[in-house]
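Structure at a glance
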Amino acid sequence: MTFAYNRPPNIPEALALMTASPGTFPVLAGGTDLIVQWRSGIIKLDGVIDISELAQLRGISVTDEGVEIGALATHAEIAANGVVAQRFPSLATACLSIGGPQIQNRGTIGGNVMNASPAGDTLPVLLAHDADFLAQDLTGERWIPAREFFVGYRKTALKPQELLTRIRIRMPDTKERGSFLKVGARRAQAISKVSLCVRGRIRHGGVDWIKIAVGSVAPTPIRAPGTEALLTGKVITDSMIELARNSLADEVFPIDDIRSTADYRRFAAGGLLARYLREMTSRA
Amino acid sequence: MPTVGKSVTRRHAVEMAMGRALYVDDLQMPGMWHGAVVRTSIPHGRVRRVELSQSFDWNRVVLADARDIPGRNCVAMIEDDLPLIVHDVVKHVGEAVMLIAAPTRDLALEARRHVKVEYEEWEPVLTLEDSKAARIKIRGEDNVVARYEMHKGDAAKGFASADKVVEGTYTMGHQEHIYIEPQGMIAALRDDGVFSVVGSLQCPYYVSKALSIIMSMPEDRISVRQALIGGAFGGKEDYPSVIAGYCAVLARKCQRPVKIVYDRDEDIEVSTKRHPAIVRHRTGVRKDGTLVAMDIDFELDAGAYVTLSPVVLSRGFIHSAGPYRCDNVSARCCAYATNTAPNGAFRGFGAPQGLFPIEVHMDRIAEAVGISPLEIRRRNLLRDGDATVTGQVLRGSVGASAVLEAVAKRSRFEKRRKELAKSRRKNICKGLGISLFHHGSGFTGSGEAVLKGKAGLRLDADGRIAVLTACTEMGQGSHTVLPQIAADHLGVDLSCVTIETPDTALVPNSGPTVASRTTMVMGVVLGKCASQLKERLFAFAAKRFDADAGRLSFKGENLMSGKKTLMPVSGLVKAYLAEKGALTIIDHYELPPGIHWNDKTFNGDAYPVYAWGCNAAEVEVDLDTFEVHVSKIWTASEMGRAVNPLLAEGQVEGGTVQALGWALMERLVMKDGHVRSNRLQTYIIPTALDAPEMETILLELPFEYGPMGAKGLGELPMDGGAPAIANAIAHATGIRICDLPITPERLYEACKP
Amino acid sequence: MQTVIKRLKINDVEREIDATPEMRLLDLLRSQLKLTGTKEGCGEGECGACSMLLNGEVIDSCLMLVGQLKDGDEILTVEGLGDVDHLSPLQECFVHEGGAQCGICTPGMLMAAHALLRKNPRPTREEIATAISGNLCRCTGYVKIIDAIEKASQASKAGKVRKGKG
């Protein structure tokens, strides 16, 4: 049987293919996830819809409200973008922590998002920044907020005939500080055992507001509202850090798997948060 | 101009840099097909039925099974218990049940997907502890593959005289080689009836011997050649005989050359790995730190077949007492069978499993008696004239103290330890740990005497002199170093010397490329060959050119008579060949005088000589996540003579980072007898960002019976990294982990409330 | 079997290739074009032995399909680094600094290093280690590979090549 390699030249044709037989052929962006899954036998592949011709899905544009990143923007392009590096350093860090240079040059943010692995490194960042995802199909387009986007293990809110085209992140407050922290088995080419994106406004050692998103501790990336509430309005002391650490350990639902244990992940999630809080208040 | 001691450029380096170095998978042969292996998917039981699906056209491929083996269904090693293809009883996941050859690799793999094997399943024995308990017997009555004992002095008396007794149990998991080039082989039946094999292998003669039994052919009708290979580390010592068997059986059946190159997951799952180990120490010590008694239990998980386990066991056992002086030792060792793929040679060959425990144990002892880790080693290390645990009196080239002091000084060990302890910030603590270790050069005991490894020198038509050896190049630099040694023995320029491809049709049986023996053993033999060659050539030259044989010598590229240049070496060689036709000198290795070893009592001279090493490792432990980063490692290696310092440093650095991987991140996950971490995504080896800064010190205490004083080096660097890192972590955190790998999860478990 | 045709520039030479779109770029290079310098170590984008440059960026060719190529794409493999008689300064440094032991990772390392030096001609050792963090080596412990790349960054002037030795 001939492999059905489709490479639509524009969005309408791509959408037409996706609508004609929804879910039959996966969308191919960079290929750094899809091709690995295919070659290792995790999925069967009879064809693909290669979206690399869709120019509107490329690029990073800055508006007054924030940044819009095309689904086909590669991790390397995102990390190298001046605005991202300056205003969204946690996103740049996350992109630079995916695989290594070779993977970063081909892997796309759209691919990372649509793969929707709970270990996807950009996911906690997008969740913590309340990003919006633009989904398009033949009937039109809709923005989906991050909180509603990741619905289950490797499942997004997109319908099979919808294509992710852009991701929008509101420009952060200049006084905000954000960090992406990750624990992997080694310093490069590592799937995260636990990952954290924290952003907040910390003034005179106290928390104005804070948003915490955690990866690899549940079927989807998750926020930690309990710990966020615990920290809001509080001064960061050593004992507060301990409380926050323990609170976060209770809000995550990790499992034992080939990479790590549930116990360790709980502990390390708290540890990464402690590290952030300490750094933000220079309690090194 | 002598080249030994110079960092001459590695042979093949230019081809490698140009992408022109040819490895097995780069080679094609006319009409070549590709092979694939149908493998068992249960750890223990019987094959009931092999079913070929109707939905595949089996005419497109050729199949072979145990019935197609012309000779014996066995891959010969120490015992003959390893079948090439399973006929009935299944002893581990991944054994061959059927072989498939097809015009393309994809077709062979597609055919494989259409084969179904049915089994009768039996309860497996999957761990060392289960095997020892012997509730289920898979080998004899006690599951034992091999066991030895070692006694020195009077251990009971020694313990009675001790001020303190320190105990410890240490466990180590598998380690997989992850040579970047997977296993591969091509076999072809030539039109002249010779079976020609080229492969990614360390020991051409092991393969030719195994094939002669499998194919029922005399060895001289089998030609095995080593291609350039992408790493081996012991993983290509015995295992290639298995793949060669598959290729040969298929090649014979389909009357075509057949190539098999393993997928990475297949390679990790079925090929040999480092033996897991459990070691128990009970040590009596005086309050000044002197060791007075040692009791050691050394146990290995052999896997399902014997292969090399008795030898790994014996080397690990001998090294388990460490590089120390102790008059009273009682020790036992045992290798147990399990229903997992046979474990085999991996750089160190048991010694890392012996040295990790004793080196962590020494720090434990140091703590118990209140002496520094440096001092406890100073007080107990072996010196010239001391007797080892096997009663071997060391005579010369004992570098234990030299390497220890070199590292202590370069790392400012005591001072730095204090500084690091003070520099503890809230979330990152730092530590510095040390390890002292040794590695016997050459085969254990009478191995070399039995083997009589051969090497040769041959006059070539282009006027050069070729080194002939079956010892292979696998990145360690043997094919650069041996020509250097030969050139210096001859007194000629390196440009006058070359080295033949390791092909059993062209080179003598040197013995395997293992046991850190190549430089030392081959170098000595080449010295003997060089003397004989010079004698023959000078006698010829004297007659032919009317010269005084006594005044003849080689200098640089020329033949000299006294101070007068007679002719280039190449001219002499060509003149000799023109008149006499050919000249090859072959000689064999003999152990230095006075080497006596008793296999039964494990007593005597275990090795002709030891190399010595010391590592200091500085680590940072992040207490928020227990991630460990090794920031720096100092190494000192005493190797007799650094024939090529740049290549020697490369060996030390590479081996040390492999040891780091074993220490911290290389965890082979098995479940129900299946390897779950069978990808590079899940079996984790260090990247460039994980590798530490390194300071590499090479020391030389020339060995009287080594070529230009050289001893073995290849495996030494693997022996000390893990305990140095473990000891550094203990210094940093106060937590002493005695089980490898020391993952963050393990550290967390050790100190969670 | 349906194939596609792409007009590419491979090691500075215009070539037309004709292959199935689902063929891996790695297999196109090795099997069809006989450029065996690019190696396969894992097939899953972890080891980097298959690294080459696509339009100046280092990528894993085992994770790229022929169908993803476009007319005009420029491919650089290890065979395109020096030429028949001359090694590039980077290749020279690998040869003389001990950057290669078994050599199987060397082509991939060279490509990653080449991509780095084009963008960042004076990298720190940390930047070098990051640039090769997608290339696994089991022989060297990375020390002399980083030494070689550092040396090349110090020695090389744009466009100059010296005759290879050894």
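Okay, the nonpolar core next. If you look at the biggest cluster of nonpolar residues, it comprises 400 residues, and the most contacted ones within it are Cys247(B) and Ile725(B). Sorting elements by how many residues they give to this core places helix α15 (residues 518-544) of chain B first, with 12 residues. Looking at this core, you find at least three residues from each of domain 1 (4-170) and domain 2 (177-283) of chain A.

This paragraph deals with the interface of chain B and chain A. Listed by partner, the interface residues are 20 residues for chain B and 19 residues for chain A. The dominant element in the side of chain B that touches chain A, judged by the number of residues it contributes, is helix α19 (residues 744-751) of chain B, at 3 residues. Residue composition of the side of chain B that touches chain A, by class: 7 nonpolar, 6 polar and 7 charged.

So, about the confidence of the model for chain C. Residues and elements named next belong to chain C. Predicted confidence across chain C gives a mean pLDDT of 93, with 93% of residues reaching 70 or more. Scored below 50 in pLDDT, residues 158-166 shows 17 contacts in the model against residues more than four places distant or in partner chains. The complex model carries a pTM of 0.97, and its ipTM stands at 0.97.

What follows covers helix α2 (residues 89-96) of chain C. Most of α2(C) sits out of view: 8 of its 8 residues are buried. Taken together, the buried positions of α2(C) are Pro89(C), Leu90(C), Gln91(C), Glu92(C), Cys93(C), Phe94(C), Val95(C) and His96(C).

The next thing to look at is the pairing of strand β9 (residues 184-189) of chain B. Residues and elements named next belong to chain B. The buried fraction of β9 amounts to 5 of the 6 residues, a majority that puts the element mostly inside the structure. Two elements, β9 and strand β12 (residues 258-261), share 4 bridges in a ladder whose sense is antiparallel. The residue of β12 that forms the bridge with Gly184 is Val261. Two elements, β9 and strand β10 (residues 195-199), share 5 bridges in a ladder whose sense is antiparallel. If you follow Ile186 over to β10, its bridge partner there is Val198. Once β9 ends, the chain turns through 5 residues before running back antiparallel as β10, passing Gly193 with a positive phi of about 90 degrees.

Residue and element names in this part refer to chain A. The antiparallel open sheet is built from 4 strands, whose spatial order is β11-β12-β13-β14. Strand pairing shows two members of the sheet lacking a second neighbour, β11 (177-183) and β14 (222-223), which therefore form its edges. Strand direction decides the pairing type here: strand β12 (residues 194-203) and strand β13 (residues 206-215), joined by 9 bridges, are antiparallel. Across the sheet, the residue bridging to Val198 is Ile212, located in β13. The sheet contacts of helix α12 (residues 262-280) involve β11, β12 and β13, and relative to β12 the element is tilted by about 30 degrees.

Accessible area lost during the coming together of the parts is what is often quoted as the interface size. Taken together, the 43 residues of chain B in the interface contact 44 residues of chain C. Broken down by secondary-structure element, the contributors of at least two residues to the side of chain B that touches chain C are α1 (13-18) and α17 (645-664) of chain B. Considering every element that reaches the side of chain B that touches chain C, the biggest residue donor is α17(B), with 8 residues. Across the side of chain B that touches chain C, the residue classes break down as 22 nonpolar, 12 polar and 9 charged.

What follows is about the environment of Ala486(B). All names here are of chain B. Looking at the element boundaries, Ala486 is found in helix α14 (residues 478-490). Considering only alpha carbons, one finds Ala486 and Pro707, 221 residues apart in sequence, at a separation of 9.5 Å. Filtering out sequence-adjacent residues up to four positions away, Ala486 remains in contact with Leu457, Val467, Val497, Leu526 and Ala530.

So, about unusual backbone geometry. All names here are of chain B. For the peptide bond that leads from Leu740 to Pro741, omega is -5 degrees, which places it in the cis range. With phi around 60 degrees, Phe233 is a residue other than glycine that occupies positive phi space. Topologically, Phe233 is positioned in the loop between β11 (222-226) and α6 (239-254). Overall, Phe233 belongs to the buried group, with 29 C-beta atoms counted inside 10 Å. A positive phi angle is found at Asp546, which is not glycine, with a value near 55 degrees. With respect to the helices and strands, the residue Asp546 is situated in the loop between α15 and β20 (552-555).

Residue and element names in this part refer to chain B. Those residues of helix α11 (residues 400-410) that fall on the buried side of the exposure criterion are Ala400, Val403, Leu404, Ala406, Val407 and Ala408. If you follow the buried residues of α11, they end up packed against α10 (373-380), α12 (413-422), β16 (428-441), β26 (609-622), β27 (627-638) and β30 (693-699). At the C-terminal side of α11, Arg412 shows a positive phi close to 50 degrees.

Below, the discussion takes up the packing of α15(B) against helix α16 (residues 569-580) of chain B. Residues and elements named next belong to chain B. Across the interface, α15 lies against α16 with an axial gap of 11 Å and an inter-helix angle of 80 degrees. With respect to each other, α15 and α16 are oriented roughly perpendicular. For the pair formed by α15 and α16, the contact residues are Leu537, Phe540, Ala541 and Arg544 on the first element and Leu572, Ala575 and Tyr576 on the second. Each residue belonging to the contact of α15 with α16 can be placed in one class, and the counts come to 6 nonpolar, no polar and 1 charged.

What counts as what
Residues numbered from 1 in each chain as written. Chains lettered and ligands numbered in written order. Predicted model: local features only at pLDDT ≥ 70, side-chain atom pairs only at ≥ 80, totals over all residues. Core = buried A, V, L, I, M, F, W, Y, C linked by C-beta atoms within 7 Å. Buried ≥ 20, exposed ≤ 12 C-beta atoms within 10 Å, placed from the backbone. Helix = DSSP H or I, 4+ residues; strand = E, 2+ residues; numbered from the N terminus. Domains from an automatic or database assignment. Contact = placed C-beta atoms within 7 Å. Nonpolar A, V, L, I, M, F, W, Y, C, P; charged D, E, K, R; others polar. pLDDT = per-residue confidence, 0-100. Pairing = 2+ DSSP bridges. Axes fitted to C-alpha atoms, helices over the stretch in contact; angles between N-to-C directions. Parallel < 35°, antiparallel > 145°, perpendicular 65-115°, else oblique.

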